[in-house]
Amino acid sequence: MKKATIIGSGISGLSIANMLSGRFAVKVLERSDKTGGLIKCERINGNLFHRVGGHVFNSKNQLVLDWFWKHFNRDNEFLQAKRNAKILLAGKLIGYPLENYLYQLPEEQLRPIIDELLTLIATGKKEAGSYGNFKDFLVGNFGVNLYNLYFGPYNSKIWNTDISKVPLEWLDGKLPMPQIREVIVSNIIKREESSMVHAAFYYPKRDGSQFIIDKLAEQQDISLSYHVSDIKFQNGQLALNNGDIVTDVLVYCGDVRQLASIINIDDDTLNEALKNVSDLLSNGTSNVLCETDDNDLSWLYLPEDKFKAHRIIYTGNFSGTNNEGSKRKTCVVEFSGKQEKPTMIEELALLPGNLSPLAFNYEPDSYIIQQNGTRDKIARLKELLVTYNIYLLGRFGEWEYYNMDKCIEAAMELNEKLS
Ligand SMILES: Cc1cc2nc3c(=O)[nH]c(=O)nc-3n(C[C@H](O)[C@H](O)[C@H](O)COP(=O)(O)OP(=O)(O)OC[C@H]3O[C@@H](n4cnc5c(N)ncnc54)[C@H](O)[C@@H]3O)c2cc1C
């Protein structure tokens, strides 16, 4: 059997490892001392801490769902929930997504928004693809008033970047593309939005996304605390870490920017392509596990500049087993970028729910940022790496704004290629 080595034990690495097993002798290498990558969780005095975000699962791709439910027992191992997300605006909870709940806004705010939406209908909205960047797309779709109230501040906060420099293709297929007439009708008949991927979701009964990882890891040969820092191509095979591991196929799920310093292959064209992706931009997140007063929310969005945090994820509402160390429920407060502990503690006092912090985590790379040309650079690099049997996979490997289901979908595509 040929050997396939996977770098990274996040959802991408463990998905492809499971798909290739049986056809390849698969080995997974993970630099951390624990599997999971971004979806890793830990227990803090019994309470479950999603160290990044608060991962829920769903997919619009039936093939992904079929694959997933072949590995998990939906009824025994997972809970199913409907999203109950809200947006905190001027101290009031407004429904999410905002465009479906405009009727909950005060009249003086609502009138100019409706005027603008009607003008957009009268003048004819541009095709989504004809906008040059994310900001123009949002203003063009929703008008300046809604942009200033919510879309601009929230997205600028979460991406921590100038969204007028973000090309629209980045978000292709990941954003709802609302029809303004439908927005108005939805507001009149008060119809809830149900087409977004996480409008309903699945969540493990125990241990959150770590449960998903642990189960996918069960049958795999994984070396933890193994940092791949050198990749060479010798006699038609790949040699890792000075020949410590030799493999026929290599799937890299780490950060593509680091490959320039890991790959040691004498190929000028390849090295140029590696250099071209070594300065891509990303954003990190700081997360605080907190105790909170009871509520029935899944997510609370915080677009206003007065809050440094941008979202609260009520992980304690996803499964009761997440709160085993506390008399209250738990939640994760998410901040963009690196925040100092005292700043976050100060901020918690401003947020609803009488929050008390239990644990902190900073993840330097959680959001990839695409710019014009990023996709072309990655596509070119992939083309060159394939000639050495190296494949890129995953959020930071392919530099795509993937959720877990998209990582699985990408793994399925790679699996096809390798069959
Ligand atoms: C705040 C936030 C909330 C999110 N919420 C959701 C959600 O609710 N639902 C959802 O579906 N998705 C969600 N996502 C997206 C999801 O987290 C990612 O799609 C997914 O975790 C990416 O997995 P990955 O395997 O591609 O990468 P990673 O999880 O980053 O895994 C890469 C692994 O490779 C290892 N590695 C890197 N370099 C090396 C090396 N040189 N040697 C050895 N090992 C190496 C790393 O240690 C890491 O374990 C969220 C993301 C964020 C940031």
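Procedures and definitions
- Throughout this document, residue positions are counted from 1 along each chain, in the order its sequence is written.
- Local features are withheld for residues below a pLDDT of 70 in this predicted model, meaning they are given only at 70 or higher, and side-chain atom pairs are given and counted only at 80 or more; totals for whole chains, interfaces and linings count all residues.
- Hydrogens are left out, water is left out, and the side-chain values use all remaining heavy atoms of the structure.
- The rule for a salt bridge is simple: a side-chain nitrogen of Lys or Arg has to be within 4 Å of a carboxyl oxygen of Asp or Glu.
- Exposure classes here rest on a 1.4 Å probe applied to the protein chains alone. A residue is buried below 20% of its type maximum, exposed above 50%, and partly exposed in between.
- Comment: elements are numbered from the N terminus, with helices defined as DSSP H or I runs of at least four residues and strands as E runs of at least two.
- Lines fitted to the C-alpha atoms define the axes, with helices restricted to the stretch that makes contact. Angles between their N-to-C directions range from 0 to 180 degrees.
- Roughly parallel here means an angle under 35 degrees, roughly antiparallel means over 145, roughly perpendicular means 65 to 115, and every remaining angle is called oblique.
- Each helix crossing is assigned a hand: it is left-handed if the near helix lies turned anticlockwise from the far helix by less than a right angle, otherwise right-handed if that turn is clockwise.
- Every residue pair with non-hydrogen atoms within 4.5 Å of one another is taken to be in contact.
- Charged residues are taken to be Asp, Glu, Lys and Arg, nonpolar residues to be Ala, Val, Leu, Ile, Met, Phe, Trp, Tyr, Cys and Pro, and polar residues to be all remaining types, Gly included.

- An unreviewed UniProt entry annotates the protein chain as Protoporphyrinogen oxidase of Mucilaginibacter gotjawali.

Observations regarding the pattern of salt bridges
Pairs may arise between side chains of opposite charge once their charged atoms sit close together.
1) Next: Counted according to the given criterion, the structure contains 19 salt bridges.
2) Next: When the shortest N-O distance is used, the salt bridge between R191 and E182 registers 2.8 Å.
3) Next: Residue class for R191 comes out partly exposed when judged on its relative accessible area of 37%.
4) Next: Classification of E182 as partly exposed rests on a relative accessible area of 41%.
5) Next: The salt bridge partner of E383 is R380, with a shortest N-O separation of 2.8 Å.

What about unusual backbone geometry?
1) Next: The amide bond that connects Y96 to the next residue, P97, takes the cis arrangement and shows omega of 0°.
2) Next: Locating P97 in the fold gives a position in the loop between β7 (92–95) and α4 (107–123).
3) Next: Positive phi, normally seen in glycine, also occurs at K190, with a value near 55°.
4) Next: Note that K190 resides in the loop between α6 (180–189) and β8 (200–204).
5) Next: Of note, W399 is a non-glycine position whose phi angle comes to about 55°, a positive value.
6) Next: By the secondary structure assignment, W399 is in the loop between β19 (390–392) and α13 (404–417).
7) Next: Taking relative accessible area as the criterion, W399 reaches 0% and is therefore assigned buried.

Some words on the packing of α4 against α6
1) Next: In the contact formed by α4 and α6, the axes pass within 9 Å of each other and the chain directions differ by 140°. By the criterion of interaxial angle, the relationship of α4 to α6 is oblique. Along this stretch, α4 crosses α6, giving a crossing that reads as left-handed. For the pair α4 and α6, contact is made by L117, L118, L120 and I121 and by I180, R181, V183 and I184, respectively.
2) Next: Taken together, the residues of the contact of α4 with α6 sort by class into seven nonpolar, no polar and one charged.

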